[in-house]
Amino acid sequence: MADGSPRTDISSDDTDEKNQRFDRGKSTAIVAYDSSDRSKDKTDQKTLRRLAQNREAARKSRLRKKYAYVQQLESSRLKLTQLEQELQRARQQGIFISSSGDQAHSSGGNGAMTFDVEYARWLEEQNRQINELRSAVTAHAGDGELRIIVDGIMAHYDEIFRLKSNAAKNDVFHLLSGMWKTPAERCFMWLGGFRPSELLKLLVNQLEPLTEQQLTGIGNLQQSSQQAEDALSQGMEALQQSLAETLCSGSLGSAGSSGNVANYMGQMAMAMGKLGTLDGFIRQADNLRQQTLQQMNRLLTTRQSARALLAIHDYFSRLRALSSLWLARPRE
Amino acid sequence: MDRVRELASKKAAVIFTKSSCCMCHSIKSLFYELGASPAIHELDHEASGREMEWALRNLGCTPSVPAVFIGGRFIGSAKDVISYHVDGSLKQMLIDAKAIWF
């Protein structure tokens, strides 16, 4: 009997269960009245229809609000993820951000931030030059045109070594830390930059065909850069050893004696002197990088140099892209 | 200067260093790796060390150590040695001065 009354089309929703039950109850109640009163029946029909429409409107309104709330949650979650990434990036750049979220202080001083900005600008320009080179190669440009672009890129490399040399005087630890590079690049870092012998190893396969003379030349270059890298690494180790020894040595004596203080200050002065030689190592490492690139350029034809420079750029681009993916990865 | 020249001409490869200088350690390592046995003179252990350092600076050696001489000729400091090594001329200079044979 309950189902005999006219019912609006209500989808099976949780909230509608209650209403359906209500409907049935109401319908039963209405049907219980005297069905012979036709005019009252007609009014009741209208009323029923109106009530049903009201219910429908209310249901739609509830759904809309629910949907709007979910949307808001989603966009907030997205914003939160973005903010977390920015915070992560800022922290990695050595900017101290206290957990209470007030002002940011630069831990490296102006030198570090200046260099980071200069480096970002340098990368942009390099991207532009590389794109130009890629277009020229794809368009089968002549050697003359390629030479000009290649020379420009080589000169641009000179520029970054110059910038690094200046930065080393200001803040050698920032350069050594590699915080100005992306995480994946930092993984492969040697004395504040890329390892020349590794770079040559990556390139050799992509540069074929090479003449006998070129193969010998590149082989010698690989060996030379490896030897120079080893020599510089050994010097660095000696420096670390020496520094550790300086800081460890101390005379045992009664606390507060003037002799101890003089000793301590003497040790610190010596340690300071040793730290001061660090920038020399970065400078020679960069010198090695620069010389290796130039020698490579000398050994190769213009076209081969173009391919080499594109390959080098692609390699580092991929490392940087890998870093971005890594930083954006979903975490538990 | 005389002392520098005198010492520089006594052996095919001569390097002036300071005992505390770690870059000198690097350049020494490189020479040993190449099979050369350079004569090492530590300025801080030489009687006329200060004058010698002054003389090296006058030759244009910056920093004054390490200062490398091959066949009695002034080659340069660490920067020059690395550059010459990369383009292959260091090895040739050592061969020419008979400091190494290959």
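Look a little higher up for the structure.
Criteria and thresholds
Residues numbered from 1 in each chain as written. Chains lettered and ligands numbered in written order. Predicted model: local features only at pLDDT ≥ 70, side-chain atom pairs only at ≥ 80, totals over all residues. Heavy atoms only, no water. Axes fitted to C-alpha atoms, helices over the stretch in contact; angles between N-to-C directions. Helix = DSSP H or I, 4+ residues; strand = E, 2+ residues; numbered from the N terminus. Parallel < 35°, antiparallel > 145°, perpendicular 65-115°, else oblique. Nonpolar A, V, L, I, M, F, W, Y, C, P; charged D, E, K, R; others polar. Contact = heavy atoms within 4.5 Å. Buried area = accessible area lost by both parts, 1.4 Å probe. Salt bridge = Lys/Arg side-chain N within 4 Å of Asp/Glu carboxyl O. Polar contact = N/O pair within 3.5 Å; in protein donor to acceptor, adjacent residues only side chain to side chain. Buried < 20%, exposed > 50% of the residue type's maximum accessible area, 1.4 Å probe, protein only. 1 Å grid on protein atoms, 1.4 Å probe; cavity = no way out; pocket = protein on both sides within 12 Å on 5 of 7 lines; lining within 4 Å. Points joined across faces, edges and corners; volume = space filled by probe spheres on them. Phe/Tyr/Trp six-rings, centres within 6.5 Å; stacked < 30°, edge-to-face > 60°. Lys NZ or Arg CZ within 6 Å of the ring centre and 35° of its normal. Left-handed = near helix turned anticlockwise from the far one by under 90°. Arc of directions from axis to C-beta. Pairing = 2+ DSSP bridges.

Student: Residue-level account of the packing of helix 4 (residues 143-177) of chain A against helix 9 (residues 278-299) of chain A, with values.
Tutor: Residue and element names in this part refer to chain A. In contact at an axis separation of 9 Å, helix 4 and helix 9 are set at 170 degrees when each is read in the N-to-C sense. Relative to helix 9, the element helix 4 is oriented roughly antiparallel. Tallied by class, residues from the contact of helix 4 with helix 9 come to 12 nonpolar, four polar and eight charged.

Student: Any details on the interface of chain A and chain B? Residues and values, ideally.
Tutor: With 20 residues of chain A at the contact, the number on the chain B side is 16 residues. Summed over both sides, the interface of chain A with chain B buries roughly 1500 Å², with 64% coming from carbon and sulfur. For the pair chain A and chain B, the number of links is zero salt bridges. Our count for the contact surface shared by chain A and chain B stands at six residue pairs in polar contact (both at pLDDT 80 or more).

Student: Which residues make up the pattern of salt bridges, and what values do they have?
Tutor: If you walk through the whole model with that rule in mind, you get 19 salt bridges over all chains. Between Arg134(A) and Asp314(A) there is a salt bridge whose closest N-O contact spans 3.2 Å. Here Arg134(A), found in helix 3 (residues 109-138), pairs with Asp314(A), found in helix 10 (residues 302-327); they are 180 residues apart in sequence, far enough to count as distant. One salt bridge in this structure joins Glu6(B) and Arg3(B), with 3.6 Å as the shortest N-O distance. Taken together, the residues Glu6(B) and Arg3(B), both in helix 1 (residues 2-8) and three residues apart, mark about one turn of the helix. Taking the relative accessible area as the measure of exposure, Glu6(B) reaches 38% and is therefore partly exposed. Arg3(B) gets classed as partly exposed once you look at its relative accessible area, which sits at 31%.

Student: Could you give an account of the layout of surface pockets, naming the residues involved and the relevant values?
Tutor: By volume, the largest pocket is sized at about 820 Å³. In terms of lining residues, the largest pocket is bounded by 37 residues, among which Thr277(A), Gly280(A), Arg283(A), Met23(B) and Pro63(B) are the most central. Of all the elements in the fold, those that place two or more residues in the lining of the largest pocket are helix 4, helix 8 (258-275) and helix 9 of chain A together with helix 2 (22-33), helix 3 (49-58) and helix 4 (78-86) of chain B. With nine residues, helix 9 of chain A is the single largest residue contributor to the lining of the largest pocket. A class-by-class count of the residues in the lining of the largest pocket yields 13 nonpolar, 12 polar and 12 charged.

Student: Residues and numbers for the packing of aromatic side chains, please.
Tutor: All names here are of chain A. With the rule as written, the count across this model stands at nine aromatic pairs over all chains. Members of the aromatic cluster, each reached through a chain of ring pairs, are Phe-115, Tyr-119, Trp-122, Tyr-157 and Trp-180. One Lys or Arg, Lys-181, reaches over the ring of Phe-316 and ends 5.9 Å from the middle of that ring. Across the ring face of Trp-326, the terminal group of Arg-329 is positioned such that the distance to the ring centre comes to 3.8 Å.

Student: Can you lay out the packing of helix 7 (residues 212-248) of chain A against helix 2 of chain B for me, pointing to particular residues and giving the numbers?
Tutor: Following both chains from N to C, one finds helix 7 of chain A and helix 2 of chain B inclined at 140 degrees, their axes separated by 8 Å at the closest point. Here helix 7 of chain A is positioned oblique relative to helix 2 of chain B, judged by the angle of their axes. Taken as a pair, helix 7 of chain A and helix 2 of chain B cross one another with a handedness that is right-handed. The segment helix 7 of chain A lies against helix 2 of chain B, with Gln227(A), Ala228(A), Ala231(A), Leu232(A), Gln234(A), Gly235(A), Ala238(A) and Leu239(A) engaging Cys22(B), Met23(B), His25(B), Ser26(B), Ser29(B), Leu30(B) and Glu33(B).

Student: Give a detailed account of helix 5 (residues 89-96) of chain B, specifying residues and quantitative values.
Tutor: Residue and element names in this part refer to chain B. Those residues of helix 5 lying buried are Leu-90, Met-93 and Leu-94. Projected down its long axis, helix 5 shows its buried positions confined to an angular sector of 100 degrees, all on one face. On the buried face of helix 5, the contacting elements are strand 1 (13-17), helix 2, strand 3 (67-70), strand 4 (73-76) and helix 4.

Student: Provide a residue-level description of the sheet that holds strand 1 of chain B, including the pertinent values.
Tutor: Residues and elements named next belong to chain B. Read from one edge to the other, the open sheet built from four strands follows the order 2-1-3-4, with strand pairing classed as mixed. Lying at the two open borders of the sheet, with one neighbouring strand each, are strand 2 (39-42) and strand 4. Going across the sheet, the axis of each strand differs from the next one's by a mean of 25 degrees, ignoring polarity. Where strand 1 lies against strand 2, four bridges are found, and the strand directions are parallel. Residue Ile-15 lies in a different strand from strand 2, and its bridge partner there is Ile-40. On top of the sheet, helix 2 reaches strand 1, strand 2 and strand 3; it is set at about 165 degrees to strand 1, its chief contact. Lying on the sheet, helix 5 is in contact with strand 1, strand 3 and strand 4; it crosses strand 3 at an angle near 50 degrees.

Student: Pulling in residues and values, what's your account of empty space enclosed by the protein?
Tutor: All names here are of chain A. Taken as a whole and assessed by the stated rule, the structure comprises three cavities of 30 Å³ or more. The space that makes up the largest cavity amounts to roughly 240 Å³. A breakdown of the residues in the lining of the largest cavity according to their chemical character gives 12 nonpolar, three polar and five charged. If you add up the space inside the second largest cavity, you get close to 40 Å³. Residue lining of the second largest cavity: Phe-194, Pro-196, Leu-199, Leu-200, Arg-289, Thr-292, Leu-293 and Met-296, and that is the complete set. Elements that contribute at least two residues to the lining of the second largest cavity include exactly helix 6 (196-204) and helix 9. With four residues, helix 9 is the largest single contributor of residues to the lining of the second largest cavity.

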